[in-house]
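If you want the building blocks of each chain, they are given just below.
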Amino acid sequence: PPVLNTAIPSGSGMSPTYGQHYLVVGDDSPYLFEVDAKFQVVKKTLIKDYPVNAQGRIDKKIKPDFEAMTPLVWNKQLWSMVIGSGSKPDLREYGYLLSYDGKQKIEFRLTNLYKQFFVAGGLTPTQTINIEGLTVDHQYMYFLNRGNSATNMIFRVKLSDMSDYLAGKVTQVAEVKKFDVKLPVIDKFEAGLSGSDYWPEARALVYTASVEATGDAYGDGAILGSFVGVIPLNQLREGQTLDLSRSAMPVMVNGKPVLTKIESIAFQKADEHEVRG
């Protein structure tokens, strides 16, 4: 059953950790939260010291917009990689590596990488990047762009290139691949990618998406529904739009659509037939 947790102001990114615990990050919170199987907070780590209001939220004008996260093995160590969406220049173009042992924190800028995404995605000057999902497999890192300013796109970068970028060895990655996807439409608004996790046994991304009645990456709108679906990686092809509009499954409870923004997905168990999380 759904759990309401008022200790976390928002939950825009999520990944599994040891046992049945999860790590959660919010787009307007300065903390990385650890929650147990019942989604109660057992630990929180300050990512960066931002001023917050009485509800623990960072003001929208200055929020770093942490929209995506993924576990990452880097320099032979396990980290949580947390990134800003890029939907406002400079302010939302920072990322952090937080070691799983809680002892290390590395801040890095994503401005140059997001400029590469801007070019690869063919964005116009009035459009903005809005990265809301982040996933890694054994070879690549996938950045999911929510299609509410530009379109729904997946950017793929080699892990080896990303490792050099994070280490400051290069100022740009060698190559960005861009894949277009099409999602279901409700009341003339197309769903936007909002989160993902990797399903290794199926060689696929499992994604979340939600329909928000807004035409830009900054303003909020009414939530009209959310979806979950699977993207087999062998179906991603440059220059072709992958149509997910029929395979995406609406998120339902008691036979009714869930009218809230499903923002992330995290697995605990997986085999070749199903995932649970």
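Here's what I pulled together on the structure shown here.

Procedures and definitions
Residues numbered from 1 in each chain as written. Predicted model: local features only at pLDDT ≥ 70, side-chain atom pairs only at ≥ 80, totals over all residues. Heavy atoms only, no water. Core = buried A, V, L, I, M, F, W, Y, C linked by side-chain atoms within 4.5 Å. Buried < 20%, exposed > 50% of the residue type's maximum accessible area, 1.4 Å probe, protein only. Helix = DSSP H or I, 4+ residues; strand = E, 2+ residues; numbered from the N terminus. Contact = heavy atoms within 4.5 Å. Phe/Tyr/Trp six-rings, centres within 6.5 Å; stacked < 30°, edge-to-face > 60°. Pairing = 2+ DSSP bridges. Axes fitted to C-alpha atoms, helices over the stretch in contact; angles between N-to-C directions. Salt bridge = Lys/Arg side-chain N within 4 Å of Asp/Glu carboxyl O.

## As for the nonpolar core
Formed by 28 residues in total, the largest nonpolar core has its most connected members in Met81, Ile83, Leu113, Phe117, Phe143 and Met162. Those elements that place two or more of their residues in this core are β5 (66-74), β6 (77-84), α1 (111-120), β9 (131-136), β10 (140-145), β11 (153-158) and α2 (159-166). With near-sequence residues (within four places) excluded, Leu113 lies in contact with Phe143, Val157, Met162, Tyr165 and Val173. Of all hydrophobic cores here, the second largest spans 21 residues; its members include Tyr142, Leu144, Ala191 and Leu236.

## A word on the packing of aromatic side chains
To describe a pair of aromatic rings, one takes the distance between the centres and the angle between the planes. Across all of its chains, the model carries eight aromatic pairs by this definition. Their ring planes at 55° and their centres at 6.0 Å tell us that Tyr31 and Phe33 sit as a pair that is tilted. Given the relative accessible area of 27%, Tyr31 is considered partly exposed. Note on Phe33: relative accessible area 3%, which makes it buried. Ring centres 5.8 Å apart and planes at 35° place the aromatic pair Tyr114 and Phe117 in the tilted group.

## Describing unusual backbone geometry
With phi around 60°, Asp65 is a residue other than glycine that occupies positive phi space. Inspection of the secondary structure puts Asp65 in the loop between β4 (41-46) and β5. With a phi close to 50°, Asp187 is a non-glycine residue in the positive phi region. Mapping Asp187 onto the fold places it in the loop between β13 (185-186) and β14 (189-190).

## Here's the deal with the sheet that holds β6
Overall, antiparallel pairing links the four strands, which are arranged β5-β6-β7-β8 in an open sheet. Bordering the open sheet on either side are β5 and β8 (105-109), each of which pairs with just one other strand. When strand polarity is set aside, the average angle formed by the axes of neighbouring strands in this sheet is 20°. In this structure, β6 lies alongside strand β7 (residues 94-99), joined through five bridges in antiparallel fashion. Residue pairing in the sheet places Ser80 in a bridge with Leu98 of β7. Relative to β5, α2 is tilted by about 100°, and along the sheet it contacts β5, β6, β7 and β8.

## Side note on the sheet that holds strand β18 (residues 241-243)
Strands sit in the order β9-β10-β11-β12-β18 across an open sheet of five strands; the sheet is mixed. In this open sheet, the two strands that pair with only one neighbour each are β9 and β18. For this sheet, the mean angle separating the axes of adjacent strands, direction not counted, is 25°. On the sheet, α1 packs against β9, β10, β11 and β12 (177-182) and is oriented at approximately 130° with respect to β11. Packing of α2 onto the sheet brings it into contact with β9, β10 and β11, and relative to β11 it is tilted by some 80°.

## A word on the environment of Phe267
Tracing the chain through its elements places Phe267 in the loop between β21 (256-257) and β22 (269-270). In sequence terms Phe267 and Ser15 are 252 residues apart; their C-alpha atoms lie 7.4 Å from each other. Residues contacting Phe267, with those up to four places away along its chain left out, are Pro16, Asp197, Tyr198, Trp199, Val206, Val275, Arg276 and Gly277.

## Quick notes on the pattern of salt bridges
This model, assessed by the stated rule, comprises 13 salt bridges. Between Lys48 and Glu107 there is a salt bridge whose closest N-O contact spans 3.1 Å. You can see Lys48 sitting in the loop between β4 and β5 and its partner Glu107 sitting in strand β8, a full 59 residues away along the chain. By relative accessible area, which is 33% here, Lys48 ends up partly exposed. Since its relative accessible area comes to 40%, Glu107 is described here as partly exposed. Of the charged contacts in the structure, one is a salt bridge between Arg203 and Asp137, with a shortest N-O distance of 3.4 Å. Remark: Asp137 occurs in the loop between β9 and β10 and Arg203 occurs in the loop between β15 (192-199) and β16 (204-212); sequence separation between them is 66 residues. A relative accessible area of 39% means that Arg203 is categorised as partly exposed.

## Thoughts on the pairing of β4
For strand β3 (residues 31-35) and β4, the ladder comprises five bridges, and the chain directions are antiparallel. By the bridge assignment for β4, Val35 is matched with Val41. Between β3 and β4, which pair antiparallel in sequence order, lie five residues; one of them, Phe39, sits at a positive phi of approximately 65°.

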